[in-house]
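Structural description and commentary
Each chain, letter by letter, is given below.
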Amino acid sequence: MQQEAVQTERGQRSQRVGLVISNKMDKTVVVRVDKTFRDPKYEKVVTRGRKYYAHDESNELKEGDTVLIKESRPYSKTKKWLVIKKIEGSR
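Residues numbered from 1 in each chain as written. Predicted model: local features only at pLDDT ≥ 70, side-chain atom pairs only at ≥ 80, totals over all residues. Heavy atoms only, no water.

On to the pairing of strand S2 (residues 28–38), then. Relative to S2, strand S1 (residues 15–25) runs antiparallel, the two sharing 4 bridges. What sits directly across from leucine 19, in S2, is arginine 32. In this structure, the hairpin formed by S1 and S2 is closed by a connection of 2 residues, where lysine 27 is found at a positive phi of approximately 60 degrees. As judged from the 11 bridges shared by S2 and strand S3 (residues 45–55), these two strands associate in the antiparallel manner. Residue pairing for S3: arginine 38 is matched across the bridge by valine 45. (Pairing = 2+ DSSP bridges. Helix = DSSP H or I, 4+ residues; strand = E, 2+ residues; numbered from the N terminus.)

Looking now at the pairing of S3. Connecting S2 to the next strand, S3, in antiparallel fashion are 6 residues, including glutamate 43 with a positive phi near 60 degrees. By the bridge criterion, 3 bridges tie S3 to strand S5 (residues 79–88) in an arrangement that is parallel. Bridging across to S5, tyrosine 53 finds its partner in lysine 79.

If you walk around this closed barrel you meet the 5 strands as S1-S2-S3-S5-S4, and the pairing is mixed. Here the strands of the sheet are splayed against their neighbours by 50 degrees on average, with no regard to which way each runs. (Axes fitted to C-alpha atoms, helices over the stretch in contact; angles between N-to-C directions.)

Moving on, we get to unusual backbone geometry. A positive phi angle, near 60 degrees, is found at glutamate 43, a position not held by glycine. With respect to the secondary-structure elements, glutamate 43 resides in the loop between S2 and S3. With relative accessibility at 47%, the residue glutamate 43 sits in the partly exposed group. (Buried < 20%, exposed > 50% of the residue type's maximum accessible area, 1.4 Å probe, protein only.)

Glancing now at the environment of isoleucine 84. Relative to the elements of secondary structure, isoleucine 84 occurs in strand S5. Among the residues examined, isoleucine 84 registers a relative accessible area of 39% and is labelled partly exposed. For the pair isoleucine 84 and histidine 55, spaced 29 residues apart in sequence, the C-alpha to C-alpha distance is 9.4 Å. Ignoring sequence-local partners within four residues, the contact set of isoleucine 84 consists of Leu68, Ile69 and Lys70. (Contact = heavy atoms within 4.5 Å.)

Shown next as structure tokens:
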């Protein structure tokens, strides 16, 4: 009896779009992802942000670039995201 090779697909990894706020480290960028929502009590639009450390193998991103990042294996203690592509250059 021969076993067939079954290709299992990993779960869908999360992706985020954010702004590069720092590129001072080697092969690492800091990406700020903003989330906008309406306050439930006061009905005011509120913006909250979070910083993600992402791996940039080519070291070509600059501050102000808009990028797409996705969750990946841990590259270090804090770096667990990977830059997929540059969406828009800095202004």
